[in-house]
Amino acid sequence: MAGRLDGWNAIISGGAAGAGGAASDIYAREGAHVAIIDRQAEAGRARADAITAAGGRAFFLQADVSQADQVNAAVAAALDRFDGRIDTLFNHAGTLIVKPFLETTEEDWDWLMSVNVKSMYLMTRAVLPAMLKLGTGSIVNTSSISAVAGTPNEVLYCTTKGACHMFTRAIAIEYRDQGIRCNAVCPGFIRTDHGLRELKELRALNVKVSEEDIATLQGRICEPEEVGYAALFLASREASFVNGETLFVDNGMLVGT
Ligand SMILES: NC(=O)c1ccc[n+]([C@@H]2O[C@H](COP(=O)([O-])OP(=O)(O)OC[C@H]3O[C@@H](n4cnc5c(N)ncnc54)[C@H](O)[C@@H]3O)[C@@H](O)[C@H]2O)c1
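K.L.:
I tried to follow the packing of helix α1 (residues 18–29) against helix α8 (residues 224–235) on my own but got confused; where do I start?
P.N.:
What describes two packed helices is the angle between their axes and the distance between those same axes. Following both chains from N to C, one finds α1 and α8 inclined at 55 degrees, their axes separated by 8 Å at the closest point. With respect to their mutual orientation, α1 and α8 come out oblique. Seen from above, α1 lies across α8 with right-handed handedness. Along its contact with α1, which presents G18, A19, G21, A22, A23, I26 and Y27, the element α8 presents P224, E225, V227, G228, Y229, A231 and L232. A per-class count over the contact of α1 with α8 returns ten nonpolar, three polar and one charged.

K.L.:
Help me out: how do you make sense of the sheet that holds strand β3 (residues 57–62) in this one?
P.N.:
What holds strands together in a sheet is hydrogen bonding between their backbones, with the strands either parallel or antiparallel. Pairing is parallel across the open sheet formed by seven strands, whose spatial order is β3-β2-β1-β4-β5-β6-β7. Edge positions in the open sheet fall to β3 and β7 (246–249), since each of these has one partner strand only. Averaged over neighbouring strand pairs, the angle between their axes works out to 20 degrees when direction is ignored. Where strand β1 (residues 9–13) and strand β2 (residues 33–38) come together, five bridges link them in parallel fashion. Bridging across to β2, A10 finds its partner in V34.

K.L.:
Looking at this model, I keep getting lost on α1. Mind explaining?
P.N.:
Counting along an α-helix, one turn takes 3.6 residues, and residues three or four places apart therefore face a common direction. The first and last C-alpha atoms of α1 sit 17 Å apart over twelve residues, in line with the 16 Å expected at 1.5 Å per residue. When α1 is considered as a whole, its buried residues turn out to be G18, A19, G20, G21, A22, A23, S24, D25, I26, Y27 and A28. Backbone geometry just after α1 places G31 at a positive phi near 105 degrees.

K.L.:
Sorry, what's going on with the environment of M123 here?
P.N.:
Tracing the backbone shows M123 in helix α4 (residues 106–134). Overall, the presence of 26 C-beta atoms within 10 Å leaves M123 in the buried class. For the pair M123 and V75, spaced 48 residues apart in sequence, the C-alpha to C-alpha distance is 7.6 Å. Not counting residues up to four positions away in its chain, the partners in contact with M123 are S13, V65, V71, V75, L89 and N91.

K.L.:
I would appreciate a short explanation of the site of the ligand in the present structure.
P.N.:
Around the ligand lies a shell of 27 residues, among which G14, G18, G94, H194 and G195 are the nearest. Among the elements that make up the shell around the ligand, the one with the highest residue count is helix α6 (residues 193–204) (four residues). Tallied by class, residues from the shell around the ligand come to nine nonpolar, 13 polar and five charged.

K.L.:
Any chance you could explain the environment of L89 here in plain terms?
P.N.:
Among the secondary structure elements, L89 is positioned in strand β4 (residues 88–91). Taking the C-alpha atoms as reference, L89 lies 8.2 Å from G137; in sequence the two are 48 residues apart. Apart from residues no more than four positions distant in its own chain, L89 is found in contact with I11, M123, T124, V127 and I139.

K.L.:
What am I meant to see in helix α2 (residues 41–53) here?
P.N.:
Taking 1.5 Å of rise per residue, 13 residues should cover 18 Å, and α2 covers 18 Å from first to last C-alpha, within 8% of that figure. Considered for burial, the residues of α2 that qualify are G44, R47, A48 and I51. For α2, the angular spread of buried residues about the axis comes to 95 degrees, placing them on one side. Exposed and oriented more than 90 degrees from the buried face of α2 are E42 and A53. Contacts made by the buried residues of α2 are with α1, β2 and β3. One or two residues past the end of α2 sits G55, with phi positive at roughly 100 degrees.

K.L.:
I would appreciate a short explanation of the nonpolar core in the present structure.
P.N.:
The tendency in soluble globular proteins is for nonpolar side chains to be buried as a group. Residues I11, Y27, V34, V127 and A231 are the most contacted members of the largest nonpolar core, which totals 75 residues. At eleven residues, α4 tops the list of elements feeding residues into this core.

K.L.:
I keep staring at the pairing of β3 and nothing clicks. Help me out?
P.N.:
Bridge analysis of β2 against β3 gives six bridges, and the strand direction is parallel. If you follow V34 over to β3, its bridge partner there is A58.

Reading the values: rules and limits
Residues numbered from 1 in each chain as written. Predicted model: local features only at pLDDT ≥ 70, side-chain atom pairs only at ≥ 80, totals over all residues. Axes fitted to C-alpha atoms, helices over the stretch in contact; angles between N-to-C directions. Helix = DSSP H or I, 4+ residues; strand = E, 2+ residues; numbered from the N terminus. Parallel < 35°, antiparallel > 145°, perpendicular 65-115°, else oblique. Left-handed = near helix turned anticlockwise from the far one by under 90°. Contact = placed C-beta atoms within 7 Å. Nonpolar A, V, L, I, M, F, W, Y, C, P; charged D, E, K, R; others polar. Pairing = 2+ DSSP bridges. Expected span 1.5 Å × (residues − 1). Buried ≥ 20, exposed ≤ 12 C-beta atoms within 10 Å, placed from the backbone. Near = placed C-beta within 6 Å. Arc of directions from axis to C-beta. Core = buried A, V, L, I, M, F, W, Y, C linked by C-beta atoms within 7 Å.

This is the structure:
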């Protein structure tokens, strides 16, 4: 059976673990040759090896995607392996600070903006020229329900995700007529290291996110693959007329509140 990304070259940031890791597996199963860019070398190599052992094609490149020199080197190495052709980019890497607003520092602000927002700018800036040369390409960014729903003790995080929403829309508008689509996946709470740490730290600050609360908000916790499949759809030709969209993957949390 033909894969939905047969013959495609894909770059996935944060593709070593969590929902980005699930996307690496899914994209490869759908036929893509996947470049995993992540700061975690052991997990990244293990993911690429597992994909290869299962008959897929993937390789790992280590980079901190908040650092321009590391992004440029990793993207150049990926494009080299891909003979200059890149079909899709998934900007998934990101992280979280949970703290009362007045305890946050300027360093926290700069770091989180760099990892969650500047990383998308750097990765997209490095990859886009090759897509423009091809005249086609899709970019998917990981935003969050936190882009539109505030959570106490997450002012910095929510602010970064609001920026991811607008980055997505502005890229979509600027490059639409050159064949580029740019969309975002916006998950609720996912069963990943990030999501489980977030829940633990919010509970420690008495925010109402017990298992019962999560069941009320989004039915159950989201599995990493459910985000990976939403990203796959937005990346693929099946979403050819979907552009500048923010797709909530939250089992109705936002529409129910
Ligand atoms: N888990 C959730 O509940 C949830 C909900 C909404 C949005 N998100 C978003 O998903 C992304 C986090 O992914 P996850 O939940 O799959 O978590 P995760 O922590 O399991 O995975 C994140 C991956 O990104 C990598 N990464 C983090 N910072 C990096 C950096 N500076 N450079 C390179 N790689 C880096 C990590 O090494 C890891 O492999 C973030 O963008 C986050 O905002 C998560």
